[in-house]
Amino acid sequence: MQSPYSIDGPAKPKAKAIFARRILPGMVALLVAAIVAAAFAIAHIARKIDQDALQQSHFLASKALQAQHDWMNRSIVDYAFWGDAYLHLSKQVDANWAYAQANLGPSLYKDFGYEAILVITPSGDTSYAVIHGELQAVDAFQYLQHGLSELLARAREAAEDDAGASALLWLHGQPALVAAASLATGGADIEEHEGPPSTLVFVDVLDAERLEAIGEQYAVEKLKLLTDPADHAGPAISQTLEDGTAVYFTWTAAQPGRLLLLVTLPVLAAVALGLGLLAWLLVRHALRAMHLLDLSYARLASSRSALAESEERFRDVAEAASDWIWETDEQARLTFLSNRFRQITGYEPKQWLGRPLLELLITDSAALRSWLEAPEITPLRSSYRAADGCERFCRLAARSIRHDGALVGYRGTASDVTEETKAQARVQYLSQHDPLTGLPNRSRLRDYLEQNLASLRSGSTLTLLYIDLDRFKPVNDTLGHAAGDEVLMGVASRLRERTRDGDLVARLGGDEFVVALHRMSEDGGIDRLCNRIIEALSAPFIYEDQQISIGASIGVALAPDDASQANELLRCADIALYQAKDAGRGTWRAYGREMDQRLHERLRREEELRVAIAEQQLEVHYQPRYLSQSMQIIGAEALVRWHHPTQGMLLPEQFIPLAEEAGLIIPLGRWVLHQACQQAASWPVEMTVSVNLSPLQLHDDRLLDEIARALRENGLPGERLELEVTESALLQETQSTLDALKRIKALGVHLAVDDFGTGYSSLTNLRHYPFDVIKIDNSFVAGIEQSTEDHSIVRALIELGRGLQMRVTAEGVETEEQLRLLTDDGCTEVQGFHMSLPMPAEELRRLLARPTDIS
Ligand SMILES: Nc1nc2c(ncn2[C@@H]2O[C@H](COP(=O)(O)O[C@H]3[C@@H](O)[C@H](n4cnc5c(=O)[nH]c(N)nc54)O[C@@H]3COP(=O)(O)O)[C@@H](O)[C@H]2O)c(=O)[nH]1
């Protein structure tokens, strides 16, 4: 059976309910039963007492009547056997003696209540009669009608025994106790008469008063004649009269039991009431106590539940956290280890219980002891060897355990900080390394340089190679970043292979690497190393079965000759690098003071170009394109010029590479695009304007919007714009290039592949790209007169364009012969100095306006 206060959980407190439902009814029933039983017992006892009393009253009533008989018998015998009475009444009645002298006169009536005193002669005459105390002359047989004769007879018989006789006779409808005795001398010295004596008769009428008096003598209350015995339910006794009839007497029977009931029942009721009241008070008190018990149980259950919850929370936290809990004795020997210890360390706790904490931790014993004994224990970072052999890190927190102020041990937590420590190490590593190549980064390089430069002994040097990859940007732009990453990782690996331990190879970002070297000899050592590096980086890289060729330029600076500060040394190497690049790339240059001047020059030109774009020193010239058969102008190519404030007009080759390197090609290209669209829109004929796109522009996210805006703002239909993309920009088909071209094409704009034949693009690529025009590079056209090889290539390109259903434009047509050959070969469009030089916009407009030039 479940306990109402189950220890398993916070059962709802229900002592009050249980008491009210189960105990209270039982108590009430028990109390009622006890009271009812007591009542029944009392009633039973009362009944029994009443029965006994009734029985006793029967006896006493009989006894009372019998005693009256006996009294009458004795009384009659006393008077009848009195010699004087015999003398004065037997033979002859001496009334004077009897009545007047009150020997047998009214005194008997007064004293004994005898109704009649009669003397009856043997002949039956009534010789003396005192009725009601009055001397009267009555006939006894008239007076006592039934049974007197029989009584007299019995009296005569009894006289022989010196006794009398008594009987009940009716007298005027009332029973009367009649005693008779023959008069006798009574032993007195008196002469007896001859013949039978007279008989003395006493009559005692049993009227109500008399009966009551008789009864009282025997404590029989209200003894009386019962007139109607058939309907009588009370006590009664019968007496047989002398004539044989029956007479009944009754009395008021005492009922002590009833009295007992009358006395005890109210007491019992009062007791019951009192008990009930007491019980009610007790119950009320008990209910209140139960309620309080329930409340305190509820509080207890609630606090137990809170305690259990708190314990569970603690357990959950303890088990969920990466902490394990430990305790030691004062000698720092482990005495307790929580379950998490097993999960985190892999050891069974019992394996370590009893062993010193120090044995587990990889730390110095004195350090651990002083840590534990420190007044304020701050967390201690430590490590240990887990069961799997791996080193794990933890942060220990501890408190001393004291009993009555005495140190008995220590307890604390060990937070597993392995991941945190590793992450910190990782962060530290990442903050110092390039995530792609794993090489030290700029920050690590600077630290390295600062340390090594500070400790540079006299006579020793530190050589810094600043390496920039040549032609790396196109790899990224055309083949995608995955290819670029592959190349960068390959570069890192090749650089590491070509340096010694103690040297540092770092990546500064992008395609810039730095190698810091000790013990380099200036005479030839640097030259050999730089050449080896250039050679190594110029060897092709393989990416997805594709060969990728890049190169490298290197700037060299020496510490302490060129600089003795890290930043300064890097700056010197960077200047030398610019020089190497200016020298045509794929080479190296050592820093010289004069290089600062050249660098400043370059920076100055960049700034000039920036100003040129902003202040519109640029101008777009147009070179017409012709139908080879009819020499009809069908389009014009926009070619940018820079009106330099001091150097005059500069051609694209003099500033486009600078613009690309300085990132200025985007605003420059945007300006040309808008300019070309604006001017083409004003041409008198609706023909195509071609605009060159740098590979960098092609990968600019804003290009599409710029094209659309240029068309929209100038009201130029998309079909009238042709964008030229160099074949080298398409070296590798990348999805992003293809997507960019398709989006441009979707504007209705035509696409031309420029300088075709120089970029070795595959036919497959060409087929996939949405080009409309192939422009054969100048270099092939220039050779078709002299070189059959070049002529064959040009013919093949023309065929290819036709096969791909693209228009073919031959560029750089400088002679009539070239024009003829190209026309004969089926080249439909031509462009070159032979027909027209690039010209200012206004000049082209005039040219176009001439009626003869328009078909
Ligand atoms: N991204 C951009 N690039 C541009 C832009 N403007 C020009 N360029 C690129 O510069 C390259 C050189 O251009 P330019 O110096 O103007 O030379 C062009 C012509 O003048 C030249 N040409 C034309 N006909 C002849 C000829 O018969 N002989 C000969 N020797 N040269 C000739 O060719 C250049 C045009 O060639 P192409 O672009 O391949 O059609 C130039 O190649 C452009 O790529 C610009 O705004 N943005």
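Rules used throughout
Residues numbered from 1 in each chain as written. Predicted model: local features only at pLDDT ≥ 70, side-chain atom pairs only at ≥ 80, totals over all residues. Heavy atoms only, no water. UniProt positions renumbered as here; feature names shortened; annotations may be inferred. Helix = DSSP H or I, 4+ residues; strand = E, 2+ residues; numbered from the N terminus. Buried < 20%, exposed > 50% of the residue type's maximum accessible area, 1.4 Å probe, protein only. Contact = heavy atoms within 4.5 Å. Axes fitted to C-alpha atoms, helices over the stretch in contact; angles between N-to-C directions. Parallel < 35°, antiparallel > 145°, perpendicular 65-115°, else oblique. Left-handed = near helix turned anticlockwise from the far one by under 90°. Salt bridge = Lys/Arg side-chain N within 4 Å of Asp/Glu carboxyl O. Near = heavy atom within 4 Å. Polar contact = N/O pair within 3.5 Å; in protein donor to acceptor, adjacent residues only side chain to side chain. Areas by Shrake-Rupley, 256 points an atom, 1.4 Å probe, with all protein chains shown as cover. Pairing = 2+ DSSP bridges. Patch = residues over 30% accessible without salt bridge, like charges linked within 9 Å, V, L, I, M, F, W, Y side chains within 5 Å. Lys, Arg positive; Asp, Glu negative; His and termini not counted. Charge placed at Lys NZ, Arg CZ, Asp CG, Glu CD. Phe/Tyr/Trp six-rings, centres within 6.5 Å; stacked < 30°, edge-to-face > 60°. Lys NZ or Arg CZ within 6 Å of the ring centre and 35° of its normal.

Identification of the protein chain as cyclic-guanylate-specific phosphodiesterase from Stutzerimonas stutzeri is taken from an unreviewed UniProt entry. For the protein chain, the Cofactor (unreviewed entry) comment in UniProt is given as "Mg(2+)". One UniProt comment on the protein chain, placed under Subcellular location (unreviewed entry), says "Cell inner membrane".

A.B. asks: Before we go on, may I ask you to explain the overall build of the protein chain in this structure?
C.D. replies: Scanning the protein chain from N- to C-terminus turns up 29 helices and 31 strands. Burial statistics for the protein chain: of 855 residues in total, 45% are counted as buried. For the protein chain, long-range pairs separated by at least 24 residues make up 63% of all intrachain contacts whose partners lie at least 6 apart in sequence.

A.B. asks: Can you walk me through the packing of helix α18 (residues 566-582) against helix α19 (residues 595-614) in this structure?
C.D. replies: Packed helix pairs are specified by the crossing angle of their axes together with the interaxial distance, meaning the distance between the axes. Orientation of α18 relative to α19, taken along the N-to-C sense of each, is 70°, at an axis distance of 9 Å. In terms of orientation, α18 and α19 fall into the roughly perpendicular class. Read as a crossing pair, α18 and α19 show a hand that is left-handed. Taken together, the residues of α19 that come into contact with α18 (itself represented by R571, I575, A576, Y578, Q579 and D582) are M595, D596, R598, L599 and R602.

A.B. asks: Looking at this structure, I do not really get the pattern of salt bridges. What am I missing?
C.D. replies: Opposite charge on two side chains permits pairing when their charged atoms draw close. Tallying each qualifying case throughout the model produces 40 salt bridges. Put simply, E722 and R625 hold a salt bridge, and the shortest N to O gap is 2.3 Å. Taken together, the residues E722 in strand β26 (residues 721-726) and R625 in strand β22 (residues 618-627) connect sequence positions 97 residues apart. There is no split in this pair, since E722 and R625 are both buried. A salt bridge links R846 to E842; the shortest N-O distance between them is 4.0 Å. In this pair, R846 and E842 both sit in helix α29 (residues 841-849), four residues apart, roughly one turn of the helix. Salt bridges sharing common partners tie together D470, D582, R585, R602, E606 and E661.

A.B. asks: Help me understand the environment of P440, please; the structure alone is not making it clear to me.
C.D. replies: Tracing the backbone shows P440 in the loop between α13 (418-432) and α14 (442-454). Along the chain, P440 and A506 lie 66 residues apart, while their C-alpha atoms are 4.7 Å from each other. If we ignore the near neighbours within four places in the chain, the residues touching P440 are Q432, H433, D434, L504, V505, A506 and R507.

A.B. asks: Just checking my understanding: could you explain the site of the ligand for this structure?
C.D. replies: The immediate surroundings of the ligand are formed by 22 residues, with E637, R641, E811, E814 and F833 found nearest. A distance of 2.7 Å separates an oxygen atom of the ligand from a polar side-chain atom of R641. Contact distances for the ligand include 2.8 Å between an oxygen atom and a backbone N or O atom of F833. For the ligand, whose accessible area on its own is 820 Å², the fraction buried by protein is 83%.

A.B. asks: Please clarify how helix α2 (residues 83-90) should be interpreted in this entry.
C.D. replies: With respect to burial, α2 is a largely interior element, six of its eight residues being buried. Those residues of α2 that fall on the buried side of the exposure criterion are G83, A85, Y86, H88, L89 and S90. Considering only its buried residues, α2 is in contact with α1 (15-80), α3 (95-100), β1 (116-120) and β2 (126-131).

A.B. asks: Looking at this structure, how should I read unusual backbone geometry?
C.D. replies: The bulk of non-glycine residues show a negative phi, and the bulk of peptide bonds are trans. Residue P560 is bonded to the preceding A559 through a cis peptide linkage, with omega at 5°. Summarising the element assignment, P560 is placed in the loop between β20 (551-559) and α18. Positive phi, normally seen in glycine, also occurs at A102, with a value near 60°. Looking at the element boundaries, A102 is found in the loop between α3 and α4 (106-112). Not every positive phi belongs to a glycine, and H132 is a case in point at roughly 55°. You can see H132 is positioned in the loop between β2 and β3 (134-135). By relative accessible area, H132 is classed as partly exposed at 42%.

A.B. asks: Mind showing me how you'd approach the pairing of strand β11 (residues 334-337) here?
C.D. replies: For a regular strand, side chains alternate in direction, first toward one face of the sheet and then toward the other. Of the pairings in the sheet, the one linking strand β10 (residues 323-329) to β11 comprises three bridges and is antiparallel in character. Bridged to E327 within β11 is F336. Between β10 and β11, which follow one another and run antiparallel, lie four residues, and A332 among them has a positive phi close to 65°.

A.B. asks: Just to check I follow, could you spell out the pairing of strand β9 (residues 246-252) for this structure?
C.D. replies: Relative to β9, strand β7 (residues 221-226) runs antiparallel, the two sharing four bridges. Bridge pairing in β9 places E221 opposite T252. Both strand β8 (residues 236-240) and β9 contribute to a ladder of five bridges, which runs antiparallel. Bridging across to β9, Q239 finds its partner in V247.

A.B. asks: Is there a simple way to explain the sheet that holds strand β12 (residues 380-385) in this structure?
C.D. replies: Adjacent strands of a sheet form backbone hydrogen bonds with each other and so pair up, either parallel or antiparallel. Strands sit in the order β11-β10-β14-β13-β12 across an open sheet of five strands; the sheet is antiparallel. One side of each edge strand has no neighbouring strand; the edge strands of this open sheet are β11 and β12. Going across the sheet, the axis of each strand differs from the next one's by a mean of 35°, ignoring polarity. In terms of strand pairing, strand β13 (residues 391-403) meets strand β14 (residues 406-416) through 10 bridges, oriented antiparallel. Its bridge partner being in β14, I401 is matched across the sheet by G409. The sheet strands contacting helix α12 (residues 365-373) are β10, β12, β13 and β14, and the helix crosses β13 at an angle near 45°.

A.B. asks: Would you mind showing me how to read the sheet that holds β1 here?
C.D. replies: Read from one edge to the other, the open sheet built from six strands follows the order β3-β2-β1-β6-β5-β4, with strand pairing classed as antiparallel. The open sheet has two edge strands with one neighbour each: β3 and β4 (165-171). The pairing of β1 with strand β6 (residues 199-205) spans five bridges and is antiparallel. Looking at the pairing, L118 lines up with V201 of β6.

A.B. asks: Before we go on, may I ask you to explain a nonpolar patch on the surface in this structure?
C.D. replies: Together, L259, L262, V263, V267, V271, L275, L278 and L282 make up a nonpolar patch on the protein surface, roughly 710 Å² of accessible area in all. With respect to the element layout, V271 can be found in helix α8 (residues 256-320).

A.B. asks: I tried to follow a negative patch on the surface on my own but got confused; where do I start?
C.D. replies: A contiguous patch of negative charge, built from E157, E160, D161 and D162, is present on the exposed surface. Residue placement: E157 occurs in helix α6 (residues 148-159).

A.B. asks: Is there a simple way to think about the side chain of T185 in this case?
C.D. replies: On the secondary structure map, T185 appears in the loop between β5 (174-182) and β6. Owing to a relative accessible area of 9%, T185 belongs among the buried residues under this scheme. Setting aside residues no more than four positions away along its own chain, T185 makes contact with F81, W82, G83, Y86, I190 and E192.

A.B. asks: Whenever I open this one, the packing of aromatic side chains confuses me. Can you help?
C.D. replies: Here the distance between the centres and the angle between the planes together describe a pair of aromatic rings. Counted by the stated rule, this structure contains 13 aromatic pairs. Where Y622 meets W683, the ring centres are 5.5 Å apart and the plane angle is 85°; that geometry is what we call edge-to-face. Of this pair, Y622 sits in strand β22 while W683 sits in the loop between α21 (665-681) and β25 (688-693), and the two are 61 residues apart along the sequence. Judged by relative accessible area, W683 falls into the buried class, the value being 6%. When the ring centre of F541 is taken as origin, the NZ or CZ atom of R494, which lies over that ring, is 3.6 Å away.

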